[in-house]
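For reference, the chains in residue letters:
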Amino acid sequence: MKKPYQIESARAIKGLEEMAADGNPAIQMVLPLAEMVGWLHKGVGELVRQAGFQLMQLLMEEEVRQLVGERSQSLPGRTANRWGSERGYCVVMGPKVPVERPRVRSTEDREIRLGSYEMFHRAEPLTETVWEKLMLGLTTRKYGEAVRQFTAAYGLEKSAVSEHFIEASRAKLKDLMERRLEKKKFCALLVDATPFEGQ
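Residues numbered from 1 in each chain as written. Predicted model: local features only at pLDDT ≥ 70, side-chain atom pairs only at ≥ 80, totals over all residues. Heavy atoms only, no water.

Colleague: Even after reading the chapter, I still don't get the packing of aromatic side chains, so can you show me in this structure?
Modeller: Both the distance between ring centres and the angle between the ring planes are used here to describe each pair of aromatic rings. Applying the stated criterion across every chain, the model contains zero aromatic pairs. Its guanidinium or amino end placed over the ring of Tyr117, Arg101 lies 4.8 Å from that ring's centre, counting from NZ or CZ. (Phe/Tyr/Trp six-rings, centres within 6.5 Å; stacked < 30°, edge-to-face > 60°. Lys NZ or Arg CZ within 6 Å of the ring centre and 35° of its normal.)

Colleague: How do you make sense of the nonpolar core when you look at a structure like this?
Modeller: A general tendency of soluble globular proteins is for nonpolar side chains to be buried together. Membership of the largest hydrophobic core comes to 14 residues, with the highest contact counts inside it found for Phe53, Cys90, Val104 and Leu114. Looking at this core, the elements with two or more residues in it are α3 (44–68), β1 (80–91), β2 (96–106) and α4 (115–120). Here the element with the most residues in this core is α3; it accounts for five residues. (Core = buried A, V, L, I, M, F, W, Y, C linked by side-chain atoms within 4.5 Å. Buried < 20%, exposed > 50% of the residue type's maximum accessible area, 1.4 Å probe, protein only. Helix = DSSP H or I, 4+ residues; strand = E, 2+ residues; numbered from the N terminus.)

Colleague: Is there a simple way to think about the side chain of Arg105 in this case?
Modeller: With respect to the helices and strands, the residue Arg105 is situated in strand β2. At a separation of 2.7 Å, a polar atom in the side chain of Arg105 contacts the main-chain carbonyl oxygen of Asp109. Ignoring sequence-local partners within four residues, the contact set of Arg105 consists of Ala80, Asn81, Trp83, Arg110, Glu111 and Ile112. (Polar contact = N/O pair within 3.5 Å; in protein donor to acceptor, adjacent residues only side chain to side chain. Contact = heavy atoms within 4.5 Å.)

Here you go:
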């Protein structure tokens, strides 16, 4: 059974999907060339990470704009307002990375979840990443050092990695136990032998 916050999260993501499908609004990102060259000195991965962060901020801001309208403009029939921002996190290729997320509250003083933020900080990709890396022989103790790509990343302690591995194992076992077998062919091999000294 889903918990209330999971239901609200799913509802927020559905709202974002509907917003994206309704007219397919475009988001434009402008990156200064000097900054991009600076990131490239550290490798293409750094450019992708930094540009990705800015793209995430733009997506959250666009969702806020769709919910509450343009900044500093009166909107008749407004149902929600900007409510500052707070620290949050997103899951990037395994670790949690801090982000600043905008907040929105309804005119009835209820927090409105952003579908974009809910998607950014879902743990499913982290669980799958932990499973894959541990299956390749990486230990829970060394996991954080091996995958940390952001200096501010967190959530990679041995206990957190173990929890994700247990969660992934549970899902893999469930899939294994519920798989259909009618299309598989099984072969039986009978070995006949003579007992020798009780063996």
